[in-house]
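Here is how the chains run, residue by residue.
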Amino acid sequence: MNHPWAIYLRAYLGVRIQHARTAPTRGASAVEWVIITAIIAGVALGLATLIKTVVEQKQGEIQNTLGGGAGS
């Protein structure tokens with residue numbers, strides 16, 4: 001195809017592709033995303049453990065207050 005628009009389009013896309021290949025990377029790399037995700041997962045796990053511990057303590061307090069809850 002020797003139509004002027006086809007020539008222009010091929011040149012334009014060629015320049016864009018070359019620029020995309022040689023442009024400096026922006027944003028986080030895959031390794032950085034893995035590290036960020038691991039940190040977030042660790043914090044979430046820590047909070048879940050803390051909440052579970054507090055709930056179990058409160059459950060024990062309620063059972064002791066009500067005399068075990070066995071109806072005896």
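Residues numbered from 1 in each chain as written. Predicted model: local features only at pLDDT ≥ 70, side-chain atom pairs only at ≥ 80, totals over all residues. Heavy atoms only, no water.

Caption draft 1: Examining the overall build of the protein chain more closely. Each helix and strand counted, the protein chain has 2 helices and 0 strands in total. Here the protein chain holds 72 residues, and the buried ones make up 1% of them. Put simply, the protein chain shows about 6,700 Å² of open surface, and 68% of that area lies on carbon and sulfur atoms. (Helix = DSSP H or I, 4+ residues; strand = E, 2+ residues; numbered from the N terminus. Buried < 20%, exposed > 50% of the residue type's maximum accessible area, 1.4 Å probe, protein only. Areas by Shrake-Rupley, 256 points an atom, 1.4 Å probe, with all protein chains shown as cover.)

Caption draft 2: A look at a nonpolar patch on the surface. The grouping of Val31, Ile35, Ile39, Val43, Leu47, Leu50, Ile51, Val54 and Val55 at the surface amounts to a nonpolar patch, some 830 Å² of accessible area in total. Looking at where valine 31 falls in the secondary structure, it is placed in helix α2 (residues 30-65). Owing to a relative accessible area of 57%, valine 31 belongs among the exposed residues under this scheme. (Patch = residues over 30% accessible without salt bridge, like charges linked within 9 Å, V, L, I, M, F, W, Y side chains within 5 Å. Salt bridge = Lys/Arg side-chain N within 4 Å of Asp/Glu carboxyl O.)

Caption draft 3: Fine view of the packing of aromatic side chains. Applying the stated criterion across every chain yields a total of 2 aromatic pairs. Their ring planes at 90 degrees and their centres at 6.2 Å tell us that tryptophan 5 and tyrosine 8 sit as a pair that is edge-to-face. Of this pair, tryptophan 5 and tyrosine 8 both sit in helix α1 (residues 4-22), 3 residues apart, which is roughly one turn of that helix. Each ring, one from tyrosine 8 and one from tyrosine 12, has its centre 6.1 Å from the other, and the planes form 20 degrees; the classification is stacked. Of this pair, tyrosine 8 and tyrosine 12 both sit in helix α1, 4 residues apart, roughly one helical turn. According to the relative accessible area criterion, tyrosine 12 is partly exposed, its value standing at 42%. (Phe/Tyr/Trp six-rings, centres within 6.5 Å; stacked < 30°, edge-to-face > 60°.)

Caption draft 4: Here's a closer look at α2. A rise of 1.5 Å per residue sets the reference length of α2, with its 36 residues, at 52 Å; its end C-alpha atoms lie 52 Å apart and thus fit the reference within 8%. Glycine 67 sits one or two positions beyond α2 and adopts a positive phi of about 75 degrees. (Expected span 1.5 Å × (residues − 1).)

Caption draft 5: The pattern of salt bridges, seen in detail. Throughout the structure, instances matching the rule amount to 2 salt bridges. Among the ionic pairs, lysine 52 bridges to glutamate 56, the shortest N-O distance being 3.6 Å. One end of the pair, lysine 52, and the other, glutamate 56, are both in helix α2, 4 residues apart, so they sit about a helical turn from each other. Residue glutamate 56 is classed as partly exposed on the basis of its relative accessible area, which comes to 44%. In this structure, glutamate 61 and lysine 58 form a salt bridge, with 3.8 Å as the shortest nitrogen-oxygen distance.

Honestly, it's all geometry; don't read function into it.
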